[in-house]
Amino acid sequence: MREFVIGISQFAKAINPNFNVIPQNGIELVSSDGENSTQSNSDYLNAIDANGQEDLWYGYDTNDKATPVETTLYLKNFLNLSKKAGKTILVTDYCSTISKINDSYFENNKLGYVSFAANQRELNNIPSTTVYQENNQVISKISEIKNFLYLINPDNFATKTAFINAVIATNYDLIIMDLFFHDGTSFTKSEINTLRNKANGGKRLVISYMSIGEAEDYRYYWQSNWNTSKPIWMDSENPDWKGNFKVKYWYPEWQKIIYGNDDSYVKKIMDAGFDGVYLDIIDAFEYYE
C-alpha cells in the first residue's frame, strides 16, 4: 500500500507539485512497523501532505459513542509521528450530541489536529453548528487550514447548483467532496473554482475523495461484465457497504484505473481542478495480512 500511495503521489506531483495527497486511516504506514514493503516509511511520509483519521475520539464502534481509550492511544502514537514529520492531521469524529461535538473539537485542537465532527456517518449534510475556528483567511496550502467539511455524499441536494450554493454559504477552510454529483456528472473546473469561495470573502481548498482499497460498482470505471465475472484483482463485497468490493490493490490492472495515465481516476480529479485527493480504504492492507 505504501508503494501504491507513493506511485499516486509521484504521478500527480509530476503534473502539479502543489497537488495534495492525503491518505485516510491506515496510519500505521507512517511507521517502519506499519507494513511489509520495499518502500520505507520516510519515502511514504515524503509522498504525502497530510493524514486523515476517522473515529479518533468518537464513532469507532458506534456513532456518537466514545472510542475505546486504548484505541485512541494507539492511533495517537502514529498520528503524532506524522505530525512530528510536519504533516497536517485531519480527524473526522462521528458524533451528534452537542457535548460530544464540543469535546471532539477540544481534544483534537489540544493535540494540534484539525477536525470535523460529523453528525451523519453518510457524510451527506452540512452541520448547522458554528464552524470551529471560523476565519476569513485565504487558504492556499493544507498547513493553513483550521477546519474542514467532509461532504462526499450529495444525495440530499437536488441539483449541482443547490450543492454549490450550500457550500459557498459556509466558511470552512477545506471541503472534501466527490468528483461526481449523484447524477453521475463530474464537477467542472469552473464549478470547483466557485466552490473555493467562502461566504466571508476568504478562499478554501477543495479536495476530492477517492477510494483506492475498494472498487465501487457505481463508478465510471465499472464494467458490466464484472457483475457476473469479477476480474482477478477483485475480491469479496464489503458487508457494511453494498456495491463496494475489496481489491488486491497491488495488481497493475487496478492501479492503472487509479493513476498513471490520462484516463485514470487521479487525472480526472486533477483535470477538474481539485487541490488534491483524499485516499480512502488505505487500511485495506489489514485485510490481506
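Residues numbered from 1 in each chain as written. Predicted model: local features only at pLDDT ≥ 70, side-chain atom pairs only at ≥ 80, totals over all residues. Heavy atoms only, no water.

Asks: Describe the sheet that holds strand S9 (residues 234-237), and please don't skip the residues or the numbers.
Replies: If you walk across this open sheet you meet the three strands as S8-S10-S9, and the pairing is antiparallel. Bordering the open sheet on either side are strand S8 (214-216) and S9, each of which pairs with just one other strand. On average, each strand axis in the sheet is tilted by 40 degrees relative to the strand beside it, whichever way the strands run. (Pairing = 2+ DSSP bridges. Helix = DSSP H or I, 4+ residues; strand = E, 2+ residues; numbered from the N terminus. Axes fitted to C-alpha atoms, helices over the stretch in contact; angles between N-to-C directions.)

Asks: Quick rundown of the packing of aromatic side chains? Include the residues and the values.
Replies: Any pair of aromatic rings gets described here by the distance separating the centres and the angle formed by the planes. Taken as a whole and assessed by the stated rule, the structure comprises 26 aromatic pairs. Aromatic side chains Tyr 287 and Tyr 288 sit 4.9 Å apart centroid to centroid with 85 degrees between the ring planes, which places their arrangement in the edge-to-face category. Judged by relative accessible area, which is 40%, Tyr 287 ranks as partly exposed. Sitting above the plane of the Tyr 287 ring, Lys 246 keeps its charged end 5.4 Å from the centroid. Note that Lys 268 overlies the ring of Tyr 220, its terminal NZ or CZ placed 4.9 Å from the centroid. (Phe/Tyr/Trp six-rings, centres within 6.5 Å; stacked < 30°, edge-to-face > 60°. Buried < 20%, exposed > 50% of the residue type's maximum accessible area, 1.4 Å probe, protein only. Lys NZ or Arg CZ within 6 Å of the ring centre and 35° of its normal.)

Asks: Kindly report on the pairing of strand S1 (residues 20-23), identifying the contributing residues and their values.
Replies: Looking down a regular strand, the side chains alternate between one sheet face and the other. Burial of S1 is two-sided: the residues Asn 20 and Ile 22 facing one way and the residues Val 21 and Pro 23 facing the other way are all buried. As paired strands, S1 and strand S11 (residues 276-280) are joined by four bridges and run parallel to one another. In the strand pairing of S11, Pro 23 is matched with Leu 279.

Asks: Now, about helix H4 (residues 98-110): what can you tell me, with residues and values included?
Replies: In this model H4 runs 18 Å from its N-terminal to its C-terminal C-alpha over 13 residues, within 8% of the 18 Å that 1.5 Å per residue would give. Every buried residue belonging to H4 is among Ile 101, Ser 104, Tyr 105, Glu 107 and Asn 108, and all of these are buried. Those residues of H4 that are buried are in contact with strand S3 (88-94) and strand S4 (114-118). Positive backbone phi, approximately 80 degrees, marks Gly 112, located one or two places after H4. (Expected span 1.5 Å × (residues − 1). Contact = heavy atoms within 4.5 Å.)

Asks: Just give me the short version of the sheet that holds S1, but keep the residues and values in it.
Replies: Taken together, five strands build an open sheet; the order of strands is S1-S11-S7-S6-S5 and the sheet is parallel. A strand with exactly one partner marks an edge of an open sheet, and here the two such strands are S1 and strand S5 (149-150). Across five bridges, strand S7 (residues 205-211) lies against S11 in parallel orientation. Following the sheet pairing, Tyr 209 is matched in S11 by Tyr 278.

Asks: An account of helix H3 (residues 69-84) is needed here, citing residue identities and associated values.
Replies: Here H3 is 16 residues long and its end C-alpha atoms lie 22 Å apart, about the 22 Å a rise of 1.5 Å per residue gives. Taken together, the buried positions of H3 are occupied by Thr 71, Thr 72, Leu 75, Lys 76, Phe 78, Leu 79 and Ser 82. Where H3 is buried, its residues meet helix H2 (41-47), strand S2 (50-54) and S3. Following H3 by one or two positions, Gly 86 adopts a phi angle in the positive range, close to 95 degrees.

Don't take any of this as a statement about function, it's just geometry.
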